[in-house]
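# Examining the three-dimensional arrangement
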Amino acid sequence: MAHDETALMRARSAFRGARWFLRGVLAWLTLKPGSRPRRKAAQILAGLAERVKAHPRLATLARHLLSHIPALRDRLQSGLRAERARHLSFGRDDVFLSYTAGGELDLGDENEEVRELYQRLARARARLRRESGNA
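Residues numbered from 1 in each chain as written. Predicted model: local features only at pLDDT ≥ 70, side-chain atom pairs only at ≥ 80, totals over all residues. Heavy atoms only, no water.

### Here's the deal with the layout of surface pockets
The computed volume of the largest pocket comes to approximately 560 Å³. In this structure, the largest pocket is lined by 19 residues; those nearest its centre are A49, V52, A62, L66 and L80. At the level of elements, α2 (36-54), α3 (56-67) and α4 (70-87) are the ones that each hand at least two residues to the lining of the largest pocket. Considering every element that reaches the lining of the largest pocket, the biggest residue donor is α3, with eight residues. Tallied by class, residues from the lining of the largest pocket come to twelve nonpolar, two polar and five charged. What the second largest pocket holds in volume is close to 450 Å³. Along its surface, the second largest pocket is lined by 14 residues, and R38, A42, L45, R75 and G79 are the ones closest to its centre. Here the lining of the second largest pocket takes six residues from α4, the largest share from any one element. Taken together, the residues of the lining of the second largest pocket sort by class into seven nonpolar, two polar and five charged. (1 Å grid on protein atoms, 1.4 Å probe; cavity = no way out; pocket = protein on both sides within 12 Å on 5 of 7 lines; lining within 4 Å. Points joined across faces, edges and corners; volume = space filled by probe spheres on them. Helix = DSSP H or I, 4+ residues; strand = E, 2+ residues; numbered from the N terminus. Nonpolar A, V, L, I, M, F, W, Y, C, P; charged D, E, K, R; others polar.)

Here it is, written out as structure tokens:
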């Protein structure tokens, strides 16, 4: 009887693993939101857009070509807006979150990802304050 239960547990585990793998494969193939290929495609698109914007003649040509395909133009623009919003790139100056007491947040014990997140939030906060006139 114990042998049957062990075999059943192994079969369930194998089935769950296969189901997890197939869901992942389908997410990659269909470029589901949040999947790595979709994120990479968005990053490549944003990088390509920056390169095109850096060359005015190429930007003019791209705008002209996309004017003939409004659906593609709108899709690319919305994708670029979403990628920009996701990254919140406001420059690389070191800005720290400060509190009303005037002290700076000590991030010395945090890992690099946490420090970068706090710095991005602080840059976003500083930018919003400048834009709203509350600087």
